[in-house]
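Okay, here's what each chain looks like letter by letter:
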Amino acid sequence: MNRVLKIVAAVAGSIVVTIPASAQDYRWDMPNEYAKASGHYYDEIFAQKLGEATGGAIDITNHYGGALGYKSKDHWKVVEDGAAQIASTYTGVFSGIDPIFLLVSMPFLARNIDESRALYEAARPWYEAAFEKGNQKLVLAVPFPPVGIWAKQPVTNLEELSQIKIRTYDKTSTVSLNEAGANAVQLSWADIIPALTTGTIDAVLTAGEGGVLSSFYEHMDHFNAINYVAGTQMFHINKDAFDSLSPEFQETLLRVADEIEDEAWEAIKERVDNSYVKMGEQGVTVVSEDDLAEGFLDSLREASSVVFNEWRDKMPNGAADEIMDSFEASLAAMN
C-alpha cells in the first residue's frame, strides 16, 4: 500500500462518526481549477471524511479541472456570493483583493516543506482576517511540492533563463522571472498543454509532481529543481454556509480539517521523493541546485526583491514585520 493510501486509511480510522444524521442535509459544490491528476488529492479526501463524520449530512461534490467554468481567480467571488459553498484555491491569485495573499507565492522565502508550513502558520491570522472580509472562512491549507522549472533543456544560469518562454501562474512569479530576464507569461493550468503544443511556451514554472502527473515529460525532458517556492492550496468556505451548520457540525468540520491538514503536510515529503523517481523512469533529467551556476540563485533572489518590497509596502503598518519576525523565530527553532 503506498503512502497516500495509507494516509487515507489512517485518516478514515481516526475520524469516528459520533454525530447522528441531521434533519438538514447540506449539498455543497467545491471547485478546483486544477485536475486531480496534478496532485490535488485532498479535496476528495476532505469531502469523503467530512461526509463520513457527519453521517452523510454534509455531501460535497468535487469539481476538478475547472469543470464548473471557474478559474482560481474566480473563486473569491464565487464563494463570497455562495455560488459554490466551498472552494480549493491557489490563493496567490487573490493578491489583488488583499496583499496577504502575495505571501504564498513569494519567491525564495519558504523553499522547503518545513519552511512553508512555518510561514503559513505565521501568517494564518492575516489569512483568516482577509477571508472574513469576503464573507468566507479559511478551512485549511495543504502544501504544494517545491516549485521548479520544467523545460526542454537545463536552466542553470541567467543566459539560459533568457532563452526560454516560460509559463508562470500569478503576478508575483511573472514579475520575478521577467525581472531576471526570462520571457514569462501567466497562464492558467488548463492552458498549459495547448500552449506547449503550439509553441507559445517551452517551459513551465510548477512543481515536479504536478508535471509528472500531467505527463509534461511528453513535451519537456528536464526539471530544474531551483526550489523557487513551496506554496499552499487553501480551502475556504462561504461564511453563511458555515454558520448555517449546527455547532456540532461546525466543530466536526474544523476537526476533520485539522486532521487532514496535518496528514497532508506529513505526506508531502514522500510525495516529492516519489515524483523524482517517476521522473527518472520517464527519462527526465533532474537538474539540482548543485548543478546551478554560481550566483544564479542569488540573481533570482535579487530579481524577486521587487515583489517582496511591494508586498511589505502594501501590508498594514507593522504587519509584514510581525509575520516575518514570527516566521524567522520558527526557522531559528528548527536549527
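Presented here is a report on the structure given in the accompanying data block. Numbering of residues starts from 1 in every chain and runs along the sequence as written. With the structure being a predicted model, the display of local features is reserved for residues of pLDDT at least 70 and the display and counting of side-chain atom pairs for 80 or more, all residues being used for whole-chain, interface and lining totals. Hydrogens and water are ignored here; the side-chain numbers use all heavy atoms of the structure.

### Regarding the sheet that holds strand E4 (residues 136-143)
In step 1: Sheet architecture is open: three strands sit in the order E3-E10-E4, paired in antiparallel fashion. Single-partner strands in this sheet number two, and they are strand E3 (86-89) and E4. Neighbour to neighbour, the strand axes of the sheet diverge by 20 degrees on average, direction disregarded.
In step 2: We call two strands paired when DSSP finds no fewer than two bridges between them. Strands are runs of DSSP state E lasting at least two residues, helices are runs of H or I lasting at least four, and both sets are numbered from the N terminus onward. Of the strand pairs in this sheet, E4 and strand E10 (residues 232-238) are connected by seven bridges, and their pairing is antiparallel. Bridge pairing in E10 places Leu138 opposite His236.
In step 3: With respect to the sheet, helix H10 (residues 247-281) is in contact with E4 and E10, its orientation differing from that of E4 by roughly 25 degrees. Angular values range over 0 to 180 degrees, each being the angle between N-to-C directions of two axes fitted as lines to C-alpha atoms, with helices fitted over their stretch in contact. Every residue pair with non-hydrogen atoms within 4.5 Å of one another is taken to be in contact.

### What to know about the nonpolar core
In step 1: One finds Tyr127, Ile149 and Trp311 to be the most contacted residues of the largest nonpolar core, which totals 77 residues.
In step 2: At the level of secondary structure, the elements contributing two or more residues to this core comprise helix H4 (113-133), E4, strand E5 (147-151), helix H7 (192-198), strand E8 (203-207), H10, helix H11 (296-314) and helix H12 (319-334).
In step 3: Broken down by element, this core gets its largest block of residues, nine residues, from H4.
In step 4: With residues up to four places along the chain from it excluded, the contact list for Trp311 reads Pro99, Ile100, Leu102, Leu103, Met106, Ala320, Ile323 and Met324.
In step 5: In these notes, a set of buried Ala, Val, Leu, Ile, Met, Phe, Trp, Tyr and Cys residues joined through side-chain atoms within 4.5 Å is what counts as a nonpolar core. Residue exposure (1.4 Å probe, protein chains only): buried if accessible area is under 20% of the type maximum, exposed if over 50%, otherwise partly exposed. Judged by nonpolar contacts, the second largest core, of 28 residues, contains Trp28, Tyr42, Ile60 and Phe242.

### So, the layout of surface pockets
In step 1: Looking at the largest pocket, its volume works out to about 230 Å³.
In step 2: Around the largest pocket, the lining is made up of 17 residues, and of these Lys73, Val93, Tyr169, Gln186 and Ser188 lie nearest the centre.
In step 3: Residues that form the lining of the largest pocket fall into these classes: six nonpolar, five polar and six charged. The rule is simple: put a 1 Å grid over the protein atoms alone, call a set of points where a 1.4 Å probe fits but cannot get out a cavity, call an open set with protein on both sides within 12 Å along at least five of seven lines a pocket, and count a residue as lining if it has an atom within 4 Å of a point. Grid points are joined across faces, edges and corners, and a volume is the space filled by probe spheres set on the points. Asp, Glu, Lys and Arg are counted as charged, while Ala, Val, Leu, Ile, Met, Phe, Trp, Tyr, Cys and Pro are counted as nonpolar; the rest, among them Gly, fall into the polar class.

### Here's the deal with empty space enclosed by the protein
Vacant regions in the atomic arrangement are exposed by a probe of water-molecule size rolled over the atoms.
In step 1: Counting across every chain of the model gives three cavities of 30 Å³ or more.
In step 2: Roughly 300 Å³ of internal volume is contained in the largest cavity.
In step 3: Lining the largest cavity are 25 residues; nearest its centre among them are His40, Phe144, Pro145, Thr206 and Ala207.
In step 4: For the lining of the largest cavity, the secondary structure elements donating two or more residues are helix H2 (42-53), E4, E8 and helix H8 (208-213).
In step 5: For the lining of the largest cavity, the element with the most residues is E8, which contributes three residues.
In step 6: Residue composition of the lining of the largest cavity, by class: 14 nonpolar, seven polar and four charged.
In step 7: Approximately 70 Å³ is the volume found for the second largest cavity.
In step 8: Around the second largest cavity sit Leu103, Val104, Met106, Ala110, Ser116, Leu119, Tyr120, Tyr127, Val229, Ala230, Gly231 and Thr232, which together line it.
In step 9: Sort the elements by how many residues they give to the lining of the second largest cavity and H4 lands first, with four residues.

### A word on the packing of aromatic side chains
In step 1: To pair, rings of Phe, Tyr and Trp, with the six-membered ring standing in for Trp, must have centres within 6.5 Å; the planes then decide the type, stacked if under 30 degrees apart, edge-to-face if over 60, and tilted in the middle. All chains considered together, the criterion is met by 20 aromatic pairs.
In step 2: Ring plane angle 70 degrees and centroid distance 5.7 Å describe the contact between Phe46 and Phe235, whose orientation is recorded as edge-to-face. Of this pair, Phe46 sits in helix H2 while Phe235 sits in strand E10; the two residues are 189 residues apart in sequence, bridging distant segments of the chain.
In step 3: Through a chain of ring-to-ring contacts, the aromatic side chains of Tyr34, Tyr90, Phe144, Trp150, Tyr169, Trp189, Phe216, Phe223 and Tyr276 assemble into a single cluster.

### Looking at unusual backbone geometry
Most peptide bonds are trans, and most residues other than glycine sit at a negative phi.
In step 1: Although it is not a glycine, Phe108 adopts a positive phi angle of roughly 60 degrees.
In step 2: Considering the arrangement of structural elements, one finds Phe108 in the loop between E3 and H4.
In step 3: Accessibility expressed as a relative area gives 11% for Phe108, which makes it buried.
In step 4: In this structure, Asn227 takes a positive phi of about 50 degrees despite not being glycine.
In step 5: As for its placement among the helices and strands, Asn227 is situated in the loop between strand E9 (222-224) and E10.

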